[in-house]
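# Working through the structure, step by step
Chain by chain, the residues run as shown.
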Amino acid sequence: MAASLGFAVDGSQHAPVLVLGSSVGSDGRMWEPQLPALIDRFRVIRYDHRGHGASETPPGPYAIADLAGDVLALLDHLEVERVHLGGLSLGGMVAMWLAAHSPARGDRLALFCTSAQMSPAQSWLDRAATVRSSGMEAVADAVTARWFTPSFASSHPDVAGTHRQMLLLVRPEGYAGCCEAIATMDLRQTLACCGADARRRRT
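Quick summary incoming for the structure in this document. What you are looking at is a predicted structure, and each value in this text was computed from that prediction instead of being measured. (Residues numbered from 1 in each chain as written. Predicted model: local features only at pLDDT ≥ 70, side-chain atom pairs only at ≥ 80, totals over all residues. Heavy atoms only, no water.)

## Things to note about the pairing of strand β4 (residues 83–88)
- Within β4, six of the six residues are buried, which leaves it mostly tucked inside the rest of the structure.
- With burial as the criterion, each face of β4 is covered, one bearing V83, L85 and G87 and the other bearing H84, G86 and L88.
- Where strand β2 (residues 17–21) lies against β4, four bridges are found, and the strand directions are parallel. Note on β4: the bridge partner recorded for V19 is L85.
- For β4 and strand β5 (residues 106–112), the ladder comprises five bridges, and the chain directions are parallel. The residue of β5 that forms the bridge with G87 is L111.
- The handedness of the β4 to β5 crossover, carried by helix α3 (residues 90–101), is right-handed. (Buried < 20%, exposed > 50% of the residue type's maximum accessible area, 1.4 Å probe, protein only. Helix = DSSP H or I, 4+ residues; strand = E, 2+ residues; numbered from the N terminus. Pairing = 2+ DSSP bridges. Right-handed = clockwise from strand over helix to strand, strands pointing away.)

In C-alpha cells, the structure reads:
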C-alpha cells in the first residue's frame, strides 16, 4: 500500500512538470537553491521519501518499488499524467525505477550522484540497524561528512548545519527502511533490458 508523501509544488500550472526526489536523509527542501531557475520553465514537484519530511512512516523494510509506488500514487493524486523525472542519490534510484517500469509516465530523466546498484549491501543494513537502535544522532556526523568536504563545511557552516538538522528530523524507521531499499536494489538488468528495447524501437 502506498504511503502518503509530503510534497511541495512551485511554478506555473501550465508549465511542464518536473518531479524531484531527494537523497536519503534529506527532504524536498534540499532543492530550494535550484528553484528560482527551475520554476522559470517548469512546474516543480518536490516530494519527501517515506519517513522523511512530511511523509508517512510505515514500518520497514522498504523496496525501491515501494518508494516508486508512493510517487506514482502522488502523481495520481495530483492528476499529473506525464512528467520529467529528476533525482539525487536515492531520488535518482526511484526515478530510474519509474522510468523503467512506468515509461508512459516519464518524459526526460535527470540523474545526479546515484547508481543502479550500491555495494556493499551490508553497510546499508548496518546503518539501518544503527538508527533503529540509537537514533539519527548516531549517524549524523558520518552522513554529513559524506555530503560536505571539511573545507566546504567550515566555509559554509550554515549550509552544513541546515542539512545536518534536516537529517536529524528524519524518523529512524523511515531512514532505516530507505537504507534497506538501497541495500536490496539492483536495477542493472532492468535498465539493460530497457536500453535494448529502446535500441530495437529505433531500428
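Back to the text.
## Here we look at the sheet that holds strand β1 (residues 7–10)
- Overall, mixed pairing links the five strands, which are arranged β1-β3-β2-β4-β5 in an open sheet. Each edge of the open sheet is held by one strand with a lone partner, namely β1 and β5. Along the sheet, successive strands turn relative to each other by an average axial angle of 15°, direction set aside.
- Where helix α2 (residues 64–77) meets the sheet, its contacts fall on β1, β2, β3 (43–47) and β4, and the angle it forms with β3 comes to roughly 135°.
- Against the sheet, α3 touches β2, β3, β4 and β5, its axis set at about 145° to β4. (Axes fitted to C-alpha atoms, helices over the stretch in contact; angles between N-to-C directions. Contact = heavy atoms within 4.5 Å.)

## A short note on the packing of aromatic side chains
- Counted according to the given criterion, the structure contains two aromatic pairs.
- Note on F148 and F152: the rings are 5.4 Å apart at their centroids and 10° apart in plane angle, and the pair reads as stacked.
- Of the residues examined, F152 reaches a relative accessible area of 30% and is grouped as partly exposed.
- One residue, R50, lies across the ring of Y62, its end atom 4.9 Å from the ring centre. (Phe/Tyr/Trp six-rings, centres within 6.5 Å; stacked < 30°, edge-to-face > 60°. Lys NZ or Arg CZ within 6 Å of the ring centre and 35° of its normal.)

## Quick look at the packing of helix α5 (residues 137–147) against helix α7 (residues 157–168)
- Two numbers describe how α5 lies on α7: the axes approach to 10 Å, and their chain directions differ by 140°. Judged by the angle between their axes, α5 and α7 are oblique. Crossing of α5 over α7 shows right-handed handedness. In this structure, α5 uses E137, V139, A140, D141, V143, T144 and W147 to contact α7, whose residues at the interface are A160, H163, R164, L167 and L168.
- Partitioned by chemical class, the residues of the contact of α5 with α7 number seven nonpolar, two polar and three charged. (Parallel < 35°, antiparallel > 145°, perpendicular 65-115°, else oblique. Left-handed = near helix turned anticlockwise from the far one by under 90°. Nonpolar A, V, L, I, M, F, W, Y, C, P; charged D, E, K, R; others polar.)

## A few points about the pattern of salt bridges
- The tally for this structure, following the rule as stated, stands at 10 salt bridges.
- R29 is the salt-bridge partner of D27, the closest N and O atoms lying 2.9 Å from each other.
- Put simply, R108 and D107 hold a salt bridge, and the shortest N to O gap is 3.6 Å.
- Residue classification places R108 among the exposed residues on the basis of a relative accessible area of 60%.
- Classification of D107 as partly exposed rests on a relative accessible area of 42%.
- Where salt bridges share partners, they join R132, E173 and E180 into one cluster. (Salt bridge = Lys/Arg side-chain N within 4 Å of Asp/Glu carboxyl O.)

Such coordinate-based values are descriptive only and should not be taken to indicate function.
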